[in-house]
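Coordinates in review
If you want the building blocks of each chain, they are given just below.
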Amino acid sequence: MDIRVQEAPFDLGAEANIFAGRQAGMGAVVTFTGIVRDLEAGLNMMEIEHYPGMTERAITEIASEAMTRWSLGDALVIHRHGRLGPDEVIMMVATAARHRVDAFEAAQYLMDYLKSRAPFWKKEITREGGQWVAARDEDEQALDRW
Amino acid sequence: MDVLYFAWVRERIGHPKDKIDTQAATVRELVEELRGREERYAAAFADLEALRVAVDQELTDFDAPLASAREVAFFPPMTGG
């Protein structure tokens, strides 16, 4: 299990290759990537605030739960904070399992929980100023299926 | 005890952290105490439905005891991913 919370950009392709390369006996690797949307309203920046200490702890708990619930060989979460521009990569998750169903489901579980249980807050900064992104009811409801 | 604020809670209060000596037994009592401080605190804590709380870096609810808590954090619902 590899959990990283960082301000610096990362190389998505390299991370995916390293993750897939270090697995033994795993037939399936699923990756998900979150990217800053280029909004029509003219998004200039996305500012991501987090709670140092609790962030790492919360993600570790979420990932450990995923490892227990599914038959996973490994999991990776990289989540950035600070100021990001349109089209920049915000975060990625990767899961490795012997079979694809475990890898897919665990990746979805990780994403659903990272959305509303990891202490990050996004602020969109446009020409009109800054606006905190509101949590969506659907994101909270998404947890019910697990 | 350290009391931390994030996102718009931090902006409304005007700083990220207070060090507080409190007798509050629960998070709710601490909120009452903070509300009484100044108008900007009252504004930040006006609607508890819009807030989440963590005690010692674990998400909890407003009725949680503060017995030996070292750190309490208030913030809006999270928007990670």
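A few points on the structure. Every value quoted in this text rests on a predicted model; they were computed, and no experiment measured them.

Analysis parameters
Each chain has its residues counted from 1, running along the sequence as written. Labels are handed out in written order, letters beginning with A for the chains and numbers beginning with 1 for the ligands. In keeping with the model being predicted, local features are shown solely for residues with a pLDDT of at least 70 and side-chain atom pairs are shown and tallied solely at 80 or more, while totals for entire chains, interfaces and linings include all residues. With hydrogens and water set aside, each side-chain value is computed from the structure's full complement of heavy atoms. Numbered from the N terminus, helices here are DSSP runs of H or I no shorter than four residues, and strands are runs of E no shorter than two. The size measure is the radius of gyration over C-alpha atoms, and the globule rule it meets is 2.2 Å times the number of residues to the 0.38 power. Burial classification: accessible surface area is computed with a 1.4 Å probe over protein chains only, and a residue below 20% of its type maximum counts as buried, one above 50% as exposed, and the rest as partly exposed. Contacts were defined at the residue level, with two residues in contact if any of their heavy atoms lie within 4.5 Å. Residue-level accessible areas treat just the shown protein chains as cover; the underlying method is Shrake-Rupley with a 1.4 Å probe. None of His or the chain ends enter the tally, which takes Lys and Arg as positive and Asp and Glu as negative. A charge is said to be at NZ when it belongs to Lys, at CZ for Arg, at CG for Asp and at CD for Glu. In what follows, salt bridge is the name for a side-chain nitrogen of Lys or Arg lying within 4 Å of a carboxyl oxygen of Asp or Glu. Pairing of N or O atoms within 3.5 Å defines a polar contact, subject to two protein rules: one partner must be a possible hydrogen donor and the other a possible acceptor, and residues neighboring in sequence count only if both atoms are side-chain atoms. Any residue that is not Ala, Val, Leu, Ile, Met, Phe, Trp, Tyr, Cys, Pro, Asp, Glu, Lys or Arg is counted as polar, Gly included; the first ten are nonpolar and the last four charged.

1. Things to note about the overall build of chain B
Scanning chain B from terminus to terminus reveals 3 helices and 5 strands. Sequence-ordered secondary structure for chain B, helices as α and strands as β, is β-α-β-α-α-β-β-β. A compact globule built from 81 residues should have a C-alpha radius of gyration of about 12 Å, and chain B, at 12 Å, falls within 12% of that. On the principal axes, the C-alpha backbone points of chain B span a range of 30 × 30 × 20 Å. Within the span of chain B, comprising 81 residues, buried residues form 51% of the whole. Of all intrachain contacts in chain B linking residues separated by at least 6 positions in sequence, the fraction that spans at least 24 positions is 51%. If you sum the accessible surface of chain B, you get close to 4000 Å²; carbon and sulfur atoms cover 46% of it. Here chain B contributes 10 positive and 16 negative side-chain charges, whose respective centroids are spaced 5 Å apart.

2. A look at the interface of chain B and chain A
Taken together, the contact pairs 21 residues of chain B with 26 residues of chain A. Linking B:Glu11 and A:Lys123 is a salt bridge whose minimum nitrogen-to-oxygen distance equals 2.4 Å. At the boundary of chain B with chain A, the tally comes to 15 residue pairs in polar contact (both at pLDDT 80 or more). At 4 residues, the largest contribution of residues to the side of chain B that touches chain A is made by helix α1 (residues 7-13) of chain B. The residue inventory of the side of chain B that touches chain A, partitioned by class, reads 12 nonpolar, 4 polar and 5 charged.

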